[in-house]
Amino acid sequence: MDITNEESVRLGVQRHFPKAIINCAAYTNVEKAEDEPEIAMFQNATALRALSTICKEHNIVLIHFSTDYVFNGLKKTPYTESDYCNPLSKYGESKREGEIILDLEKAPHYTLRVSWLYSTFGNNFYKTILRRAKEMGYLRVVDDQIASPTYASHLASDVLRLLEIVLIEKKSIPYGIYHYEQTGEASWFDFASAILEYSGINIPIDPVTTEAFPMKAARPTYSKMSGHLFFNTTQIKQRSWQEGLQACIAHGQQ
Ligand SMILES: NC(=O)c1ccc[n+]([C@@H]2O[C@H](COP(=O)([O-])OP(=O)(O)OC[C@H]3O[C@@H](n4cnc5c(N)ncnc54)[C@H](OP(=O)(O)O)[C@@H]3O)[C@@H](O)[C@H]2O)c1
């Protein structure tokens with residue numbers, strides 16, 4: 001379904017009668033959003049109004065994803081759901097606006113804020129590191145941005161578990177925003193070093209500061225999120241980011 005087209009969403013709902021919608025669609029190009037903020041805002045926020053209305057009308061549970069980029073990164077300890085949001089980028093602003101719309105519309109939603117998603121599919125940091133290691137034989141990676149890498153497959157299975165708890169076991173889990181994290185924290189340099197080590201690739205890798213790779217969109221320096229609320233509410237136990245990476249590499253080698 002095109003989430004920016006209400007008719008398309010209505011048709012999809014009429015055809016499939018879903019009990020839940022997992023909305024993975026978004027405007028995700030953080031750099032490009034600086035040049036076309038209106039498009040980012042439309043896809044990441046405005047479009048959610050119609051989606052919320054339809055979910056409310058049909059009593060559909062909406063799973064939505066937001067980001068650690070809603071924070072400015074000045075904190076020194078993991079961000080909680082009640083921490084103040086102050087995004088540094090247009091992408092972050094549009095995702096924050098989307099969260100606000102889902103809350104205001106009182107959609108039956110679970111918005112999971114996630115960080116640094118990767119897997120063996122699509123384009124992501126994990127795949128870029130493996131490709132560049134092969135092409136260049138050495139790497140320079142930013143070591144002054146810290147968060148928690150998240151293996152998309154673990155996120156996917158935990159989302160299914162959440163839906164099982166809510167829709168099949170009929171347990172009451174309050175709607176709203178939750179931080180979904182894999183435990184532990186890492187810089188991009190730590191993450192890249194672990195990708196090389198666990199993959200058995202032995203090439204030089206140097207830490208550099210954010211200034212070494214100038215970007216249009218500012219990123220938070222520290223955006224580790226605390227997953228305590230999600231765990232305490234759902235009892236879904238988070239795995240560490242290192243376990244996530246090992247599982248991803250094992251999947252890639254199959
Ligand atoms: N990747 C991360 O590190 C990260 C971190 C925090 C939060 N998130 C959030 O997690 C979610 C998934 O991110 P991702 O990295 O998987 O993004 P992604 O790889 O860019 O995938 C987004 C998907 O949305 C589709 N899409 C775009 N506009 C659409 C529309 N109007 N209707 C239907 N589909 C549309 C895109 O299709 P096309 O390819 O055809 O355009 C693409 O398949 C997003 O909400 C994102 O903000 C991601």
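This text gives an overview of the structure that appears in the document.

The rules behind the values
Residues numbered from 1 in each chain as written. Predicted model: local features only at pLDDT ≥ 70, side-chain atom pairs only at ≥ 80, totals over all residues. Heavy atoms only, no water. Helix = DSSP H or I, 4+ residues; strand = E, 2+ residues; numbered from the N terminus. Buried < 20%, exposed > 50% of the residue type's maximum accessible area, 1.4 Å probe, protein only. Disulfide = S-S within 2.5 Å. Near = heavy atom within 4 Å. Polar contact = N/O pair within 3.5 Å; in protein donor to acceptor, adjacent residues only side chain to side chain. Nonpolar A, V, L, I, M, F, W, Y, C, P; charged D, E, K, R; others polar. Phe/Tyr/Trp six-rings, centres within 6.5 Å; stacked < 30°, edge-to-face > 60°.

To continue, consider unusual backbone geometry. Residue tryptophan 116 is not a glycine yet carries a positive backbone phi of 45°. Residue placement: tryptophan 116 occurs in the loop between strand E3 (109-114) and strand E4 (117-118). You can call tryptophan 116 buried: its relative accessible area is 9%. Residues other than glycine seldom take positive phi values, yet lysine 170 does so here, at roughly 55°. By the element assignment, lysine 170 lies in the loop between helix H5 (152-168) and strand E8 (176-179).

Summed over all chains, the structure comprises zero disulfides. The closest cysteine sulfur to the non-disulfide-bonded cysteine 24 is located on cysteine 55, 13 Å from its own sulfur.

This part takes up the site of the ligand. Taken together, the neighbourhood of the ligand is formed by 17 residues, with Asp2, Thr28, Tyr91, Lys95 and Leu117 sitting nearest. Within the side chain of aspartate 2, an N or O atom sits 2.9 Å from a nitrogen atom of the ligand. Those elements giving two or more residues to the shell around the ligand turn out to be strand E2 (61-67) and helix H3 (90-104). Per element, the largest residue contribution to the shell around the ligand is three residues, and it comes from E2. Broken down by class, the residue content of the shell around the ligand amounts to ten nonpolar, five polar and two charged.

With that out of the way, let us pick up the packing of aromatic side chains. As enumerated under the stated definition, the model contains 13 aromatic pairs in all. Their ring planes at 15° and their centres at 3.5 Å tell us that tryptophan 116 and tryptophan 188 sit as a pair that is stacked. Within this pair, whereas tryptophan 116 is found in the loop between E3 and E4, its partner tryptophan 188 is found in helix H6 (residues 188-199), the two being separated by 72 residues in sequence. Between the aromatic rings of tyrosine 178 and phenylalanine 230, the centroid separation amounts to 6.3 Å while the plane-to-plane angle is 75°, which identifies the pairing as edge-to-face. Of this pair, tyrosine 178 sits in strand E8 while phenylalanine 230 sits in helix H7 (residues 228-234); the two residues are 52 residues apart in sequence, bridging distant segments of the chain. By relative accessible area, which is 5% here, tyrosine 178 ends up buried.

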